[in-house]
Amino acid sequence: MTTLTDLHQSTRRRFAAANLETPDLDARLLLEHCTGTTRLDLIREPGRIATPAQAAELEKAVARRLAGEPVHRILGWREFYGLRLALSPDTLEPRPDTEALVDLVLPHARATAARKGTCSILDLGTGTGAIALAMLSALPQARALGVDISEGALATARVNAAANRLADRFETVLSDWFERISGRFDVILSNPPYITDGELAGLARDVTRFDPPRALSGGADGLDAYRTIASGAAPHLDPDGLIGVEIGSRQKEDVAAIFREAGFRPAGEAKDLGGRDRALLFTL
Ligand SMILES: C[S@@+](CC[C@H](N)C(=O)[O-])C[C@H]1O[C@@H](n2cnc3c(N)ncnc32)[C@H](O)[C@@H]1O
């Protein structure tokens, strides 16, 4: 008979032997997922017996992880800004780095909401809805429109809005950036695809195999989406509004220049948890 602890330790050893970056965490998350237990169960009842069906389920998940599939793709969800977000083949797996953009813009959005009693947010390339839903969860007076070129991504974003009880303030539109957008917003946010074609070829297998290519590819120099967004943003931004974008860690100067040439002024910047440039904010 196998206990939860046995399964956790043997899985951790196999992941460590395969040089996975976080063998302990991956083993625990998959164990919890496949046995329907929590971290607390493992602490309180380390001797709990796993059923053969649970052990078989875990074995399947371990095989997928050892074949290179990211752990959250196997779980089918990832946490972002305290929200549990479902993933689908059409969505990027939201990354903790993107929380830097939310943190950067939130004080400004809060001030807008305090001044106007509301704050309208446009999230371009919403994917799972991560940025828009994080903003809505932090700002009860806000409303958000999530835009994506992928209907599949928008369907997942709507599921996530409902699951997090934010659906009454979240709408979606299928659009190529601003193409089908009308009206002005207090805040425009985007984490657009920004990886260069060259980088994409050399990226970790995990990322390129399981994130949809159109969520990653920013063209030859990685800046295509910033050019389109910067050139189309002014008519959709409130005169006192802000536009914030996530950037690749070496794109700060280039993206700042693109927005400057489109008539915007810098209004803030943020680094990610690793200390790399990650988000820029502009105003008209
Ligand atoms: C890097 S992902 C960001 C997803 C999500 N906002 C996040 O931060 O986790 C970029 C998103 O932009 C969408 N996208 C790519 N090209 C687009 C376009 N031309 N118009 C609208 N959305 C687009 C992709 O489908 C993808 O969901």
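Every value quoted in this text rests on a predicted model; they were computed, and no experiment measured them.

A closer look at the sheet that holds strand β8 (residues 265–271)
Read across the open sheet, the seven strands follow the order β5-β4-β3-β6-β7-β9-β8; overall the sheet is mixed. Edge positions in the open sheet fall to β5 (170–174) and β8, since each of these has one partner strand only. This sheet shows a mean twist of 20° between the axes of neighbouring strands, independent of strand direction. Note: strand β7 (residues 237–246) against strand β9 (residues 277–283), five bridges, orientation antiparallel. What sits directly across from isoleucine 243, in β9, is phenylalanine 282. Relative to the sheet, helix α6 (residues 99–116) contacts β3 (119–124), β6 (185–190), β7, β8 and β9, its axis offset from that of β9 by approximately 30°. Against the sheet, helix α11 (residues 224–233) touches β3, β6 and β7, its axis set at about 175° to β7.

Concerning the pairing of β9
Of all seven residues that make up β9, seven are buried, and the element is covered over most of its length. Looking at chain direction, β8 and β9 are connected through six bridges and run antiparallel. The residue bridging proline 266 from the neighbouring strand is phenylalanine 282, located in β9. Between β8 and β9, which follow one another and run antiparallel, lie five residues, and glycine 275 among them has a positive phi close to 80°.

Structural notes on the UniProt feature "domain: Release factor glutamine methyltransferase N-terminal" (unreviewed entry) in the chain
Within this structure's numbering, the places UniProt gives as "domain: Release factor glutamine methyltransferase N-terminal" (unreviewed entry) are residues 7–76. Along residues 7–76, the helical share is 71% and the strand share 0%, with 21 Å between the first and last C-alpha atoms.

As for the site of the ligand
By nearness alone, 17 residues border the ligand, and Gly125, Asp148, Asp176, Trp177 and Asn191 come closest of all. Threonine 126 has a polar backbone atom sitting 3.4 Å from a nitrogen atom of the ligand. Its free accessible area being 600 Å², the ligand has 95% of it covered by the protein chains.

Regarding the environment of phenylalanine 282
Within the secondary structure layout, phenylalanine 282 lies in strand β9. Between the C-alpha atoms of phenylalanine 282 and leucine 237, which are 45 residues apart in sequence, the distance is 11 Å. Setting aside chain neighbours within four positions, we find phenylalanine 282 in contact with Gly241, Leu242, Ile243, Val245, Val255, Ala256, Phe259, Phe264, Arg265, Pro266 and Ala267.

Here's the deal with unusual backbone geometry
One non-glycine residue, tyrosine 81, lies in the positive phi region at around 50°. Considering the arrangement of structural elements, one finds tyrosine 81 in the loop between β1 (77–80) and β2 (83–86). Backbone geometry at arginine 165 places phi at a positive 55°, although glycine is not the residue there.

Observations concerning the nonpolar core
Cys119, Ile121, Leu133, Met135, Phe170 and Leu189 are the most contacted members of the largest nonpolar core, which has 32 residues in total. Breaking this core down by element, the ones donating at least two residues are β2, α6, β3, α7 (130–138), β4 (142–148), α8 (151–163), β6 and β9. Those residues in contact with leucine 189, other than ones at most four positions away along the chain, are Leu101, Val105, Ile121, Leu122, Asp123, Leu124, Ile131, Met135 and Gly244. Ranked by size, the runner-up nonpolar core spans 31 residues in total, among them Ile181, Leu237, Phe259 and Phe282.

Let's talk about the UniProt feature "domain: Methyltransferase small" (unreviewed entry) in the chain
Within this numbering scheme, the UniProt entry marks residues 120–198 as carrying the feature "domain: Methyltransferase small" (unreviewed entry). Spanning residues 120–198, this segment combines 30% helix with 29% strand, and its end C-alpha atoms are found 36 Å apart.

About the thresholds
Residues numbered from 1 in each chain as written. Predicted model: local features only at pLDDT ≥ 70, side-chain atom pairs only at ≥ 80, totals over all residues. Heavy atoms only, no water. Pairing = 2+ DSSP bridges. Helix = DSSP H or I, 4+ residues; strand = E, 2+ residues; numbered from the N terminus. Axes fitted to C-alpha atoms, helices over the stretch in contact; angles between N-to-C directions. Contact = heavy atoms within 4.5 Å. Buried < 20%, exposed > 50% of the residue type's maximum accessible area, 1.4 Å probe, protein only. UniProt positions renumbered as here; feature names shortened; annotations may be inferred. Near = heavy atom within 4 Å. Polar contact = N/O pair within 3.5 Å; in protein donor to acceptor, adjacent residues only side chain to side chain. Areas by Shrake-Rupley, 256 points an atom, 1.4 Å probe, with all protein chains shown as cover. Core = buried A, V, L, I, M, F, W, Y, C linked by side-chain atoms within 4.5 Å.

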